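Structure at a glance
Listed below are the residues making up each chain.
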Amino acid sequence: TLYGRKSKAQIGISRLLEEEVYLAAFTLNEGPFEATATDLKTPEKLNRRQVLYEYWARWGRWNKYQPLDHIREYYGEKIGLYFAWLGLYTAWLLPASIVGVIVFLYGVATMGSNIPAKESCN
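Residues numbered from 1 in each chain as written. Predicted model: local features only at pLDDT ≥ 70, side-chain atom pairs only at ≥ 80, totals over all residues. Heavy atoms only, no water.

Quick look at the environment of asparagine 47
The topology assignment puts asparagine 47 in the loop between helix H2 (37-41) and helix H3 (48-55). Taking the relative accessible area as the measure of exposure, asparagine 47 reaches 24% and is therefore partly exposed. In this structure the C-alpha to C-alpha distance between asparagine 47 and glutamate 30, which are 17 residues apart in sequence, comes to 8.6 Å. With residues near it in sequence (within four places) discarded, asparagine 47 still touches Glu30, Gly31 and Pro32. (Helix = DSSP H or I, 4+ residues; strand = E, 2+ residues; numbered from the N terminus. Buried < 20%, exposed > 50% of the residue type's maximum accessible area, 1.4 Å probe, protein only. Contact = heavy atoms within 4.5 Å.)

Here's the deal with the side chain of glutamine 50
Looking at the element boundaries, glutamine 50 is found in helix H3. Excluding residues within four positions of it along the chain, glutamine 50 makes contact with Pro32, Phe33, Glu34, Ala35, Asp39 and Lys45.

With respect to H3
Here H3 has its buried residues at Gln50, Val51, Leu52 and Glu54. Capping the start of H3 is the job of one residue whose side-chain oxygen sits 3.1 Å from the backbone nitrogen of arginine 49: asparagine 47. (Polar contact = N/O pair within 3.5 Å; in protein donor to acceptor, adjacent residues only side chain to side chain.)

Things to note about unusual backbone geometry
For glutamate 20, which is not glycine, the phi dihedral falls at a positive 60°. Looking at the secondary structure, you find glutamate 20 in the loop between helix H1 (13-18) and H2.

Considering a nonpolar patch on the surface
A surface patch of nonpolar side chains, about 610 Å² in accessible area, is lined by Trp85, Leu88, Tyr89, Trp92 and Leu93. Looking at the element boundaries, tyrosine 89 is found in helix H5 (residues 77-109). (Patch = residues over 30% accessible without salt bridge, like charges linked within 9 Å, V, L, I, M, F, W, Y side chains within 5 Å. Areas by Shrake-Rupley, 256 points an atom, 1.4 Å probe, with all protein chains shown as cover. Salt bridge = Lys/Arg side-chain N within 4 Å of Asp/Glu carboxyl O.)

Some words on the confidence of the model for the protein chain
When the pLDDT values of the protein chain are averaged, the result is 83; 91% of them are 70 or greater. Ranking the elements of the protein chain by mean pLDDT puts H1 last with 79 and H5 first with 94. (pLDDT = per-residue confidence, 0-100.)

Things to note about the pattern of salt bridges
Inspection of every chain in the model, using the stated rule, returns two salt bridges. In this structure, the salt-bridge partner of glutamate 54 is arginine 58, at a minimum N-O distance of 3.4 Å. The class for arginine 58 is partly exposed, based on a relative accessible area of 36%. Note that glutamate 77 is salt-bridged to arginine 72, the shortest N-O span being 3.3 Å. For arginine 72, a relative accessible area of 33% gives the class partly exposed.

Points about the packing of helix H4 (residues 68-75) against H5
In the contact formed by H4 and H5, the axes pass within 7 Å of each other and the chain directions differ by 150°. Our classification of the angle between H4 and H5 gives roughly antiparallel. Taken as a pair, H4 and H5 cross one another with a handedness that is right-handed. Between H4 and H5, the residues in contact are Leu68, Ile71, Arg72 and Tyr75 and Glu77, Ile79, Gly80, Phe83 and Ala84, respectively. When the residues that make up the contact of H4 with H5 are grouped by side-chain class, the tally is six nonpolar, one polar and two charged. (Axes fitted to C-alpha atoms, helices over the stretch in contact; angles between N-to-C directions. Parallel < 35°, antiparallel > 145°, perpendicular 65-115°, else oblique. Left-handed = near helix turned anticlockwise from the far one by under 90°. Nonpolar A, V, L, I, M, F, W, Y, C, P; charged D, E, K, R; others polar.)

Given below as structure tokens:
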């Protein structure tokens, strides 16, 4: 892609390829990310990007299992390991957040009858 004008130090991957800063450039995302209804009936025909979009990267899929093998194949080892760690970390924080919400609600409910809270607020 070209950005700017050549007289004003045009930047972009095309210029870097022309100046032989890079030898080649390859796109990360090959193929469309949206699948048709017929493609969804036969999941074997979906490309990696469509699989991740349909079964992982949607708001309605937040509580589903992460397809870590597909993430690793598409993004690489380091990103796959990052998402594995992030999923484990989030799962372990969920019980602590539930306890925190319960304690907060208890504090709000008993704030009117709590003597130390009344003394510090008045």
